[in-house]
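If you want the building blocks of each chain, they are given just below.
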Amino acid sequence: MSIFLTLVKFELKKIMKRKTAIITLVIMMLVMACMACMDIFLVDETGESGYVMMQNYREQSLHLNGRLIDDTLLREMRESFAGVGTPTDSAASDTMQHDFTNPYRAVYVLTKSIVGAKNVFSVDAKTLYEAREAYIENMWDEYYLTEGEKEYWKDKKAEVVTPFTYEYTYGSTKTIVEVYTCSVLMLLFVAVALAAVFSDEYNKGMDKLIMSTRYGKARTYFAKISAGAIFAFAGALLMALSGAIPTLLIYGAEGMDAAIQLYIENSPFPMTVGEVLIAFFLIYLVAAFLYATLTMFFSQVFKNSIASMGIMIAFMLIEMCLSVPANLRVLAQIFDLLPSNVLAIWSLFDCKLVPWFGGYLTNLQFAPIAYATLTVALVLIGKFIQRRREEV
């Protein structure tokens, strides 16, 4: 074991000596930090800074914490926007949606998302929640759910308590949204940092020399894989924290125990904001191992760092730009399980389920299992490829 750990440390030092890997990591961390802090540097027409505005909004919103979103709160929301205009007017609606001087802004956004701008000032609480349930049931048909899946969501419906209880969640939900951006940047970082792990050995003619050493045939391979995975995990963690820490410090970490429906109104998931954040963060870290293994696999197969980096970037573009029609159920579900799709906030609308030993798993539950399984499979396939080359 001590020999293996020595090899891992050696391979890790080789990765860290590549300036491009460290520079890319620092740049990605700065990007995440800047994204978290961007709003506080804005100045409104009165000369008030974004930081002061957000702190005032947070303080005022906290006074509404614990209140039910019922007819009383809906009436107060309508009264708070009196004189601004009508929601059907696009300019007035935009003002209401982004008016961070009004603590009822979040209630307006939630109501508008469910019933639309035309009805936002006339709907009562009973109609509001009925419209939400009708929308979710319509989604079942849009996603081509089976009868078993529909029964699953009918059971879960009772776990979403209505009327919703308002809580200030701006900082915690903003952190969830940032995980998606972080996952895209993380893929770029991993592609740049690890594309040369195996290819450099082949290009420099060192592979045969390494394989002829005492520990070259097995331990060196797993040491490279381990070092790359550790570096990717550490980098992914630092990138995520670079965004999450300033976001939660500036905007607040309140609302972790609030229903996710306060942000994603029509989501069928009976989860709190904190549970969604933990799930996204776990999937993101497991995806880091998958991306690392995939990059090193291509580096080993193609013996070319540019090729492996290019394939990973192409994979990222496909994830971001391609869409699969919902009627192609199996293909659509596989596509929706790709990391950047699972970590997008709109995945919380996705009702498709994965059959699992007589029951069902959601994409959020199945994704880390699938990524871990694929990671192990790639490591074993890579070892098989290496062994075949040794025999030639």
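Quick look at the structure, then. (Residues numbered from 1 in each chain as written. Predicted model: local features only at pLDDT ≥ 70, side-chain atom pairs only at ≥ 80, totals over all residues. Heavy atoms only, no water.)

## A short note on the overall build of the protein chain
Here's step 1: Counting its regular elements, the protein chain contains 17 helices and two strands.
Here's step 2: Reported as C-alpha extents along the three principal axes, the dimensions of the protein chain are approximately 80 × 55 × 35 Å.
Here's step 3: Residue pairs at least 24 apart in sequence account for 76% of intrachain contacts in the protein chain once pairs closer than 6 positions are excluded.
Here's step 4: With the model as given, the accessible surface of the protein chain reaches about 18700 Å², and the carbon-plus-sulfur share is 65%.
Here's step 5: Between the centroid of the 33 positive side chains of the protein chain and the centroid of its 38 negative side chains there is a distance of 17 Å. (Helix = DSSP H or I, 4+ residues; strand = E, 2+ residues; numbered from the N terminus. Contact = heavy atoms within 4.5 Å. Areas by Shrake-Rupley, 256 points an atom, 1.4 Å probe, with all protein chains shown as cover. Lys, Arg positive; Asp, Glu negative; His and termini not counted. Charge placed at Lys NZ, Arg CZ, Asp CG, Glu CD.)

## Topic: the packing of aromatic side chains
Here's step 1: On inspection of all chains with the given rule, the structure shows 21 aromatic pairs.
Here's step 2: Aromatic side chains Tyr 129 and Phe 164 sit 5.2 Å apart centroid to centroid with 90° between the ring planes, which places their arrangement in the edge-to-face category. Of this pair, Tyr 129 sits in helix 7 (residues 125-142) while Phe 164 sits in the loop between helix 8 (147-157) and helix 9 (170-194), and the two are 35 residues apart along the sequence. Note on accessibility: Tyr 129 and Phe 164 belong to one class, buried.
Here's step 3: Centre to centre, the rings of Phe 233 and Phe 289 are 5.4 Å apart; their planes meet at 15°, and the pair counts as stacked. Of this pair, Phe 233 sits in helix 12 (residues 219-251) while Phe 289 sits in helix 13 (residues 273-302), and the two are 56 residues apart along the sequence. (Phe/Tyr/Trp six-rings, centres within 6.5 Å; stacked < 30°, edge-to-face > 60°. Buried < 20%, exposed > 50% of the residue type's maximum accessible area, 1.4 Å probe, protein only.)

## Topic: the nonpolar core
Here's step 1: Within the largest apolar cluster, 112 residues are counted, with the highest numbers of intra-cluster contacts made by Ile 69, Met 186, Leu 194, Met 239, Tyr 284 and Leu 348.
Here's step 2: The biggest single contributor to this core is helix 13, with 18 residues. (Core = buried A, V, L, I, M, F, W, Y, C linked by side-chain atoms within 4.5 Å.)

## Quick word on the packing of helix 2 (residues 19-37) against helix 9
Here's step 1: Packing of helix 2 against helix 9 leaves a shortest axis separation of 10 Å and a crossing angle of 165°. Classified by the angle between their axes, helix 2 and helix 9 sit roughly antiparallel to one another. The way helix 2 lies across helix 9 gives a crossing that is right-handed. On the side of helix 2, the interface is formed by Thr 20, Ala 21, Thr 24, Leu 25, Met 28, Val 31, Met 32, Met 35 and Ala 36, while helix 9 contributes Lys 174, Glu 178, Thr 181, Cys 182, Leu 185, Leu 188, Phe 189, Val 192 and Ala 193.
Here's step 2: For the contact of helix 2 with helix 9, the residue count by class is 13 nonpolar, three polar and two charged. (Axes fitted to C-alpha atoms, helices over the stretch in contact; angles between N-to-C directions. Parallel < 35°, antiparallel > 145°, perpendicular 65-115°, else oblique. Left-handed = near helix turned anticlockwise from the far one by under 90°. Nonpolar A, V, L, I, M, F, W, Y, C, P; charged D, E, K, R; others polar.)

## Some details on the environment of Arg 132
Here's step 1: Here Arg 132 is to be found in helix 7.
Here's step 2: Dropping the residues within four chain positions of it, Arg 132 is found in contact with Ile 114, Val 160, Phe 164, Gln 261, Glu 265, Asn 266 and Ser 267.

## Concerning helix 4 (residues 71-80)
Here's step 1: Among the residues making up helix 4, those that are buried are Leu 73, Leu 74, Glu 76 and Met 77. Seen end-on, helix 4 carries its buried residues on one side only, within an arc spanning 160°.
Here's step 2: Where helix 4 is buried, its residues contact helix 6 (105-115) and helix 7. (Arc of directions from axis to C-beta.)

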